[in-house]
Amino acid sequence: WRGREGAPYSTLVPSDEVTINYRHGLPVITLMLPTRNERCQFTVKPVVTTVGAFLQDVQREDKGIGRAEVFATDGSKVSHATLMEVLLMNDFKLVINNTAYSVSPPVKDKLSSEHATEMEDIKSLVHRLFVALHLEDHQIRKERELLQKLDYLKGELLPLEQMKARIMDSADAKTSRLLWVGLALMSTQGGALAWLTWWVYSWDIMEPVTYFITYGSAMAFYAYFVLTKQDYIYPHAKDRQFLHYFYRKSKKQRFNVERYNKLKDDLAEAEESLRRLRQPLHLKLPIQEITDKD
């Protein structure tokens, strides 16, 4: 290591300068602080503590440490994001300033199956206690966030709802007017055919005329099916014409239909989340009590 070109340190000290022991299942790293010239113990949590956090604790304890790094036995640098649990599985080099410490972690005995099961039960119990202690605060905070989101969405939707109501009224009026115009035209056509049949010509002459009018109507209905891929059913035709007027009016008044639909979906999702959050099982309340509270 010292002979390597560009070595990261200049002095290699014996391994007993840095020792690792396990106390209550946690590794305790004891090392000599260079500036304070005293040994200091660091208890780490290998499952959550990273190499970078451990080195920061060492530098925080001794302000005279300007450099603290960890290298593997092959000379490669260990990332600061590596967990201490992974680091303690093999030997490594701890470099403090220009001094390198050779560290050999002790082999940790494997937990028996009964002990492992007991530890899992303890972890589960701790998790349930944590949830029980913090669930109410989390629900209150989540409910406040959802209520704020609902107020924001309703405020954004209010002007859009007013504009939509005006556009819908206009489209509905045009659609109704079109329906009445269609009824008037059909009545006029029936009256004209009756007048031509009984007062101007005879049925022998008007019969081919009515046949071609009927055939032309059938062609018009078939053309409607070819264009729309739907049968000519009066309610569907009315809704289609209503949507045509609605989107044309929306484009003129710059009503953003996509944004309106997105806000409506977000509002429905927020209301459903709030309803589920206020369920009796989540609040641990009887059904009657939560109903009275709402």
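Residues numbered from 1 in each chain as written. Predicted model: local features only at pLDDT ≥ 70, side-chain atom pairs only at ≥ 80, totals over all residues. Heavy atoms only, no water.

## Some details on unusual backbone geometry
Where we set the bar: In DSSP terms, a helix is any run of H or I states spanning at least four residues, a strand is any run of E spanning at least two, and both are numbered starting from the N terminus. Only protein chains enter the accessibility calculation, which uses a 1.4 Å probe; a residue whose area is less than 20% of its type maximum is buried, one above 50% is exposed, and one in between is partly exposed.
Even without being glycine, Asn97 reaches a positive phi, approximately 55°. Take Asn97: it is sitting in the loop between β6 (92-96) and β7 (99-103). Look at Asn97 and you get partly exposed, because its relative accessible area is 24%. Even without glycine at this site, Arg254 takes up a positive phi of about 60°. Locating Arg254 in the fold gives a position in the loop between α5 (234-253) and α6 (257-277).

## Observations concerning the sheet that holds strand β4 (residues 38-43)
Spelled out, the test is: Here, a strand pair is defined by DSSP locating no fewer than two bridges between the strands. For helices, the fitted line uses only the C-alpha atoms of the stretch in contact; every axis is such a line through C-alpha atoms, and the angle between N-to-C directions lies from 0 to 180 degrees. Any two residues whose heavy atoms approach within 4.5 Å at even a single point are treated as in contact.
The antiparallel open sheet is built from three strands, whose spatial order is β2-β3-β4. Pairing within the sheet leaves two strands with one partner each, and these edge strands are β2 (19-23) and β4. The average angle at which neighbouring strand axes cross in this sheet is 30°, direction not considered. Those strands touched by helix α1 (residues 51-61) are β3 (26-33) and β4, and its axis lies near 145° from that of β4.

## Quick word on α1
Selection rule: What the arc measures is the spread of directions leading from the helix axis to the C-beta atoms.
Taken residue by residue, α1 has Val51, Gly52, Phe54, Leu55 and Val58 as its buried positions. Buried residues along α1 cover an arc of 160° about the axis, so they all sit on one side.

## Considerations on the packing of aromatic side chains
Stated formally: Ring geometry is summarised as follows: Phe, Tyr and Trp rings, the Trp one being its six-membered ring, pair when their centres sit within 6.5 Å, and such pairs are stacked at plane angles under 30 degrees, edge-to-face over 60 and tilted between the two.
Scanning the entire structure with this criterion turns up seven aromatic pairs. An angle of 20° between the planes, with centres 6.3 Å apart, marks the rings of Phe242 and Phe246 as stacked. Taken as a pair, Phe242 and Phe246 lie in helix α5 at a separation of four residues, close to a single helical turn. A ring pair is formed by Phe255 and Tyr260, whose centres lie 5.7 Å apart and whose planes are at 50°; its orientation type is tilted. Each member of the pair, Phe255 as well as Tyr260, is classed as buried. Taken together, Phe242, Phe246, Tyr247, Phe255 and Tyr260 form an aromatic cluster joined through their ring pairs.

## Regarding a nonpolar patch on the surface
The test is simple: Patch building starts from residues that exceed 30% relative accessible area and form no salt bridge, then joins like charges within 9 Å and nonpolar side chains (Val, Leu, Ile, Met, Phe, Trp, Tyr) within 5 Å. Throughout, the Shrake-Rupley method with a 1.4 Å probe supplies accessible areas, and for residues the shown protein chains are the sole cover considered. When a carboxyl oxygen of Asp or Glu lies within 4 Å of a side-chain nitrogen of Lys or Arg, that pair is called a salt bridge.
Residues Trp195, Trp198, Trp199, Val200, Tyr201 and Ile205 make up a contiguous nonpolar surface patch of about 780 Å² in total accessible area. Sorting elements by how many residues they give to the nonpolar patch places helix α3 (residues 113-200) first, with four residues.

## Details of the pattern of salt bridges
Per the stated rule, a full pass over the model turns up seven salt bridges. With a shortest N-O distance of 2.6 Å, Arg60 and Asp57 are connected by a salt bridge. Of the two residues, Arg60 and Asp57 both sit in helix α1, three residues apart, roughly one turn of that helix. Looking at Arg60, the relative accessible area reads 49%, which means it is partly exposed. Residue Asp57 is classed as partly exposed on the basis of its relative accessible area, which comes to 32%.

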